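These are the residues of each chain, in order.
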Amino acid sequence: MAGNTEPLPPRAKLAVTAGKAAAAVSRAAGRGSGSVIGGKVALKLDPDLLARLAQNLDVVLVSATNGKTTTTRLIAEALRAVGPVVSNALGANMPAGITAALAGSGDARYGVIEVDEKYLPAVARDTTPKAIALLNLSRDQLDRAGETRMLAERWREGLSGSKAVIVANADDPLVVWAASSSPNVVWVAAGQEWKDDAWSCPACGGVMQRPGDDWFCGECGFRRPTPSWALSGDHVLDPHGSAWPIHLQLPGRANKANATTSAAVAAAFGVPPQVALERMYSVTAVAGRYDVVSYQGREIRLLLAKNPAGWLETFSLIDPPPAPVILSVNARGADGTDTSWLWDVDYSRLAGRPICVIGDRKLDLAVRLEVAGVDFQVCENATEAVRQCPPGRIEAIANYTAFQDLRRIVGN
Ligand SMILES: [Zn+2]
């Protein structure tokens, strides 16, 4: 059990101080919170700093293509039932951002850390976590499917020697493949709506069979493990078969799945499911996502969808037609400059509602919607789009930098 008895050696203290100074300079220069630059400076001075900062904490790592920021937040809330928690709540999820977050840990006993998928093995090596939550793996906007398989392979290698309890989604074959190198896995039936990255067996390349909610490889016998936790409708089923109601202010099936995984992680730290789930109710928005803002007298809900699986989950949680929708797509650095992923998303699911299209790549999106046979209107910007929307709460769905733009314009 962690306690804050281990003092930092002088070099690590210096690195923390220098990192904070660099962050303050960056803030003063108007470049955001400065936490990432501060973390980079600190790691340059003491490359072992992340490991040193983590050694006084019971660490949980959370990684996935989608839902990691929200799940990190839900787990952090649940663990606050048993002690102070430090977390990289704003989603700076690479080593520098994580180091900066932990440098401000104060007297925290638990560290709940979101980790970028590519850095999971390295951060797991440095922080010796007690638990690792793995939610899903799918193509993101930058990579195509082949790289998703390679990522699963890197997780698998990186986790094989880990002593952590791995809490992993039994419904995602790539996650199961990655986690099953570990001796200590808690399987969670968290569901998987997006299946396009798991039609071939990650173990042998054979064709995956998917009868109902089950899956297995017809060639090598790789199959869905028996879960001990499950999401069932609006309830979490625990390993004893008890059903606990999920009350979230966050919308959608995906967030119920995130709550289920979070309850399983919390249980590994002795927090009973009903306590964990009650605490999760307090989470309303996560880094601006799901926020309902008021702009020009209209209610607008801000939804982030960064990749095909994320768009699909988002379509399933928005208000039914005729609720108006604004779609915004950019293709700047963080979004990936190639918009071919638009063709992986089934936009015909938006048929029957008023749609306004904005963003740097509104014409790419317009072509995609045209082919999907969906009616839409191209607008100059968010202000015009809001004005064009018929009455009702507006659902605004945007990819990464488009979401930031939208928040700047309509956010409070
Ligand atoms: Zn196989």
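As a reminder, the structure under discussion sits directly above these lines.
Thresholds applied
Residues numbered from 1 in each chain as written. Predicted model: local features only at pLDDT ≥ 70, side-chain atom pairs only at ≥ 80, totals over all residues. Heavy atoms only, no water. Salt bridge = Lys/Arg side-chain N within 4 Å of Asp/Glu carboxyl O. Helix = DSSP H or I, 4+ residues; strand = E, 2+ residues; numbered from the N terminus. Buried < 20%, exposed > 50% of the residue type's maximum accessible area, 1.4 Å probe, protein only. Core = buried A, V, L, I, M, F, W, Y, C linked by side-chain atoms within 4.5 Å. Domains from an automatic or database assignment. Contact = heavy atoms within 4.5 Å. Pairing = 2+ DSSP bridges. Axes fitted to C-alpha atoms, helices over the stretch in contact; angles between N-to-C directions. Parallel < 35°, antiparallel > 145°, perpendicular 65-115°, else oblique. Left-handed = near helix turned anticlockwise from the far one by under 90°. Nonpolar A, V, L, I, M, F, W, Y, C, P; charged D, E, K, R; others polar.

> It is not clear to me how the pattern of salt bridges should be interpreted in this structure. Could you clarify?
When charged atoms on two side chains of opposite charge get close, those side chains can pair. For the structure on display, the rule yields 18 salt bridges. The shortest N-O distance in the salt bridge between Arg73 and Glu77 comes to 3.8 Å. Of this pair, Arg73 and Glu77 both sit in helix H4 (residues 68-79), four residues apart, which is roughly one turn of that helix. A relative accessible area of 26% places Arg73 in the partly exposed class. The exposure class of Glu77 is buried, given its relative accessible area of 12%. A salt bridge links Asp364 to Arg361, with the shortest nitrogen-to-oxygen separation between them at 3.1 Å. Taking relative accessible area as the criterion, Asp364 reaches 24% and is therefore assigned partly exposed. The network of salt bridges with common partners includes Arg301, Asp319, Arg393 and Glu395.

> Any chance you could explain the nonpolar core here in plain terms?
A general tendency of soluble globular proteins is for nonpolar side chains to be buried together. Judged by nonpolar contacts, the single largest core of 59 residues is most densely connected at Leu79, Met280, Trp311, Leu327, Tyr347 and Ile397. The biggest single contributor to this core is helix H9 (residues 253-268), with six residues. Split by domain, this core shows at least three residues from each of two domains, domain 1 (48-280) and domain 2 (292-409). Apart from residues lying up to four places away in sequence, Leu327 is in contact with Trp311, Tyr347, Leu350, Ile355, Cys356, Val357, Ile358, Leu365, Leu369 and Ile397. Grouped together as the second largest cluster of nonpolar side chains are 45 residues, Ala54, Val86, Ala108 and Trp215 included.

> What should I look at first to understand the sheet that holds strand S9 (residues 229-232) in this one?
Backbone-to-backbone hydrogen bonds pair the strands of a sheet. The strands run either parallel or antiparallel. Strand order in this open sheet of nine strands is S2-S3-S1-S4-S5-S6-S9-S10-S11, and the pairing throughout is mixed. With one partner strand each, in any of the chains shown, strand S2 (85-87) and strand S11 (243-245) form the two edges of the open sheet. Averaged over all pairs of adjacent strands, the angle between their axes in this sheet comes to 20°, without regard to strand direction. Here S9 pairs with strand S10 (residues 235-237) via three bridges, running antiparallel.

> Sorry if this is basic, but what is going on with the sheet that holds strand S13 (residues 298-304) here?
Strand order in the open sheet made by the six strands is S12-S13-S17-S14-S15-S16, with mixed pairing throughout. The sheet is open, and its two borders are formed by strand S12 (292-295) and strand S16 (377-378), each paired with just one other strand. Relative to S16, strand S15 (residues 355-358) is paired through two bridges, and the arrangement is parallel. By the bridge assignment, Cys356 is partnered in S16 with Gln377. The strands that helix H12 (residues 362-372) touches are strand S14 (325-328), S15 and S16; relative to S15, the one it contacts most, it runs at about 145°.

> Looking at this model, I keep getting lost on the pairing of strand S4 (residues 131-134). Mind explaining?
Of the two faces of S4, both are covered, the one formed by Ala131 and Ala133 as well as the one formed by Ile132 and Leu134. Relative to S4, strand S1 (residues 58-63) runs parallel, the two sharing four bridges. Across the sheet, the residue bridging to Leu61 is Ile132, located in S4. Of the pairings in the sheet, the one linking S4 to strand S5 (residues 165-169) comprises four bridges and is parallel in character. Across the sheet, residue Leu134 finds its bridge partner in S5, namely Ala168.

> How should I be thinking about the packing of H4 against helix H10 (residues 273-280) in this particular structure?
Closest axis-to-axis distance for the H4/H10 pair is 8 Å, and the angle between their directions is 120°. In terms of orientation, H4 lies oblique with respect to H10. The chirality of how H4 crosses H10 is right-handed. Taken together, the residues of H10 that come into contact with H4 (itself represented by Leu74, Glu77 and Ala78) are Ala276, Arg279 and Met280. For the contact of H4 with H10, a count of residues per class yields four nonpolar, no polar and two charged.

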